[in-house]
Amino acid sequence: MDLLWEQYKAITPQADSIQNLLIKNGEPEVINDHIAFRTIKSKKIGINTISSYFEALGYEKKEDYIFEEKKLVAIHLEHPDDKNPKIFISEILPEKLSSFSQKICKELILRSPHDSLIFSGSPWDKTYKTYKKLYEESEYLAWFYLHGFIANHFTVSVNHLKTISSIEEVNELIKKENFPLNTSGGEIKGSKEELLKQSSTLASKMIMTFNDGEFEVPTCFYEFAQRFPRKDGALFQGFIAKSADKIFESTN
Ligand code: NI
């Protein structure tokens with residue numbers, strides 16, 4: 001988890017700044033609600049391969065999700081000790097994409113390593129031209145082409161914050177420091193009735209070296225989640241597909 005955080009914050013400086021802001025605000029520590037990964041459906045690098053790293057640590061698969069329009073499916077895993085973040089893993093379905101995107105998917109799968117996959121980043125040659133072409137069809141796949149295996153986002157558990165009691169307050173705090181929020185679907189996705197409210201920043205940016213030059217591209221974003229109790233009193237631990245659908249757009 002520490003290595004995943006280090007790799008993520010290296011290209012997402014705003015996450016580190018916001019975490020420091022929360023600590024400066026009086027938080028003794030910042031607990032993560034979940035960490036998210038993106039991948040491509042396949043035997044070698046699909047959801048089951050990514051999840052096996054976490055199952056080896058005692059995580060269990062919980063729910064499945066479908067994102068028809070974005071051509072994605074996803075699952076989430078939970079750990080018996082709820083101080084460990086949930087893991088949200090999505091994969092794009094190549095069979096639903098154009099032959100160009102399918103060809104790129106095949107290449108990325110081929111170039112992915114068998115060992116230490118979740119720490120391997122994007123170990124393939126990249127051209128800006130290919131990135132732009134992928135972007136036209138799937139922002140999700142274009143992002144994966146840039147960054148590959150790295151946490152797409154970490155998510156602050158608002159429920160675990162001691163000095164702040166709502167996601168609305170978190171949003172106010174970070175807006176005051178001029179971090180831009182993703183407003184697709186509204187600043188806050190979900191509601192108390194749906195048992196989960198989420199918000200996220202817009203992805204940081206970095207200059208990336210491609211085979212055809214240097215260009216500015218989006219990296220990762222930081223998310224915030226506040227959960228509410230179900231009828232039985234236990235906090236809802238799942239995800240709302242309609243909200244997650246908008247959160248994906250934080251890397252647009
Ligand atoms: Ni998320």
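For the structure given in this document, a descriptive report is provided here.

The rules behind each value
- Residues numbered from 1 in each chain as written.
- Predicted model: local features only at pLDDT ≥ 70, side-chain atom pairs only at ≥ 80, totals over all residues.
- Heavy atoms only, no water.
- Donors = N, O, S within 2.8 Å, 3.2 Å for Na, K, Ca; no water.
- Helix = DSSP H or I, 4+ residues; strand = E, 2+ residues; numbered from the N terminus.
- Buried < 20%, exposed > 50% of the residue type's maximum accessible area, 1.4 Å probe, protein only.
- Phe/Tyr/Trp six-rings, centres within 6.5 Å; stacked < 30°, edge-to-face > 60°.
- Lys NZ or Arg CZ within 6 Å of the ring centre and 35° of its normal.
- Contact = heavy atoms within 4.5 Å.
- Polar contact = N/O pair within 3.5 Å; in protein donor to acceptor, adjacent residues only side chain to side chain.
- Salt bridge = Lys/Arg side-chain N within 4 Å of Asp/Glu carboxyl O.

This part is about the coordination of the nickel ion. Perfect tetrahedral coordination of a metal by four donors corresponds to 109.5 degrees between them, and perfect octahedral coordination by six donors corresponds to 90 or 180 degrees. Protein coordination at the nickel ion comes from His34 (NE2), His153 (NE2) and Glu223 (OE), with a distance range of 2.1 Å. One chain supplies every donor to the nickel ion, and in sequence these donors are spaced H-x118-H-x69-E. Of the two residues, His153 is situated in strand S5 (residues 153-157) and Glu223 in strand S10 (residues 221-227); the sequence distance between them amounts to 70 residues. With respect to class, His153 is no different from Glu223; both count as buried.

Quick look at the packing of aromatic side chains now. In this structure the tally under the stated criterion is 21 aromatic pairs. Residues Trp5 and Tyr8 carry aromatic rings whose centres are separated by 5.6 Å and whose planes lie at 40° to one another, so their mutual orientation is tilted. Pair noted here: Trp5 and Tyr8 are both in helix H1 (residues 2-11), with a separation of three residues, about one helical turn. Taking the relative accessible area as the measure of exposure, Tyr8 reaches 0% and is therefore buried. Summarising the aromatic geometry, the rings of Tyr131 and Phe210 are spaced 6.4 Å apart at their centres and angled 35° between planes, so their arrangement reads as tilted. Taken together, the residues span a long stretch of sequence, with Tyr131 in helix H5 (residues 128-137) and Phe210 in strand S8 (residues 205-210) at a distance of 79 residues. Each member of the pair, Tyr131 together with Phe210, is buried. An aromatic cluster is present here, built from Trp5, Tyr8, Phe154, Tyr222 and Phe224 joined pairwise through their rings. Against the face of Phe100 rests Lys133, its NZ or CZ located 4.2 Å from the ring centre. In this arrangement the basic side chain of Arg227 is found over the ring face of Phe239, its NZ or CZ atom lying 5.1 Å from the centre.

All of the buried residues along helix H3 (residues 47-55) are Ile47, Thr49, Ile50, Ser51 and Phe54. Packed against the buried residues of H3 are H1, strand S1 (32-40), strand S2 (60-67), strand S3 (72-78) and strand S4 (86-92).

Following the sequence through the fold, Val217 ends up in strand S9 (residues 213-218). The buried category is assigned to Val217, whose relative accessible area is 1%. It is 17 Å that separates the C-alpha atoms of Val217 and Glu137, two residues lying 80 residues apart in sequence. Not counting residues up to four positions away in its chain, the partners in contact with Val217 are Tyr128, Tyr131, Leu146, Ser204, Lys205, Met206, Met208 and Phe210.

This part is about unusual backbone geometry. In the Ramachandran plot, Lys71 falls in the positive-phi region, its phi being about 60° despite a non-glycine side chain. Here Lys71 lies in the loop between S2 and S3. For Leu195, which is not glycine, the phi dihedral falls at a positive 75°. Within the secondary structure, Leu195 sits in the loop between strand S6 (189-191) and strand S7 (196-200).

Attention now moves to the side chain of Ser157. Take Ser157: it is sitting in strand S5. When its relative accessible area of 4% is taken as the criterion, Ser157 is described as buried. In this structure the side chain of Ser157 is engaged in a polar contact, spanning 2.7 Å, whose partner is the side chain of His160. With residues up to four places along the chain from it excluded, the contact list for Ser157 reads Ile31, Asn32, Asp33 and Ala225.

Let us now look at the environment of Ala56. The residue Ala56 is located in the loop between H3 and S2 in this model. Ala56 gets classed as exposed once you look at its relative accessible area, which sits at 69%.

Quick look at the pattern of salt bridges now. Across all of its chains, the model carries 16 salt bridges by this definition. Lys9 is the salt-bridge partner of Glu6, the closest N and O atoms lying 3.8 Å from each other. A residue pair is termed a helical-turn pair when its members lie 3 or 4 positions apart in one helix, as Glu6 and Lys9 do in helix H1 at three residues. Between Glu172 and Lys175 there is a salt bridge whose closest N-O contact spans 3.5 Å. In this pair, Glu172 and Lys175 both sit in helix H7 (residues 167-176), three residues apart, roughly one turn of the helix. A relative accessible area of 29% means that Lys175 is categorised as partly exposed. Connected through salt bridges with shared partners, the residues Glu6, Lys9 and Asp16 form a single ionic network.

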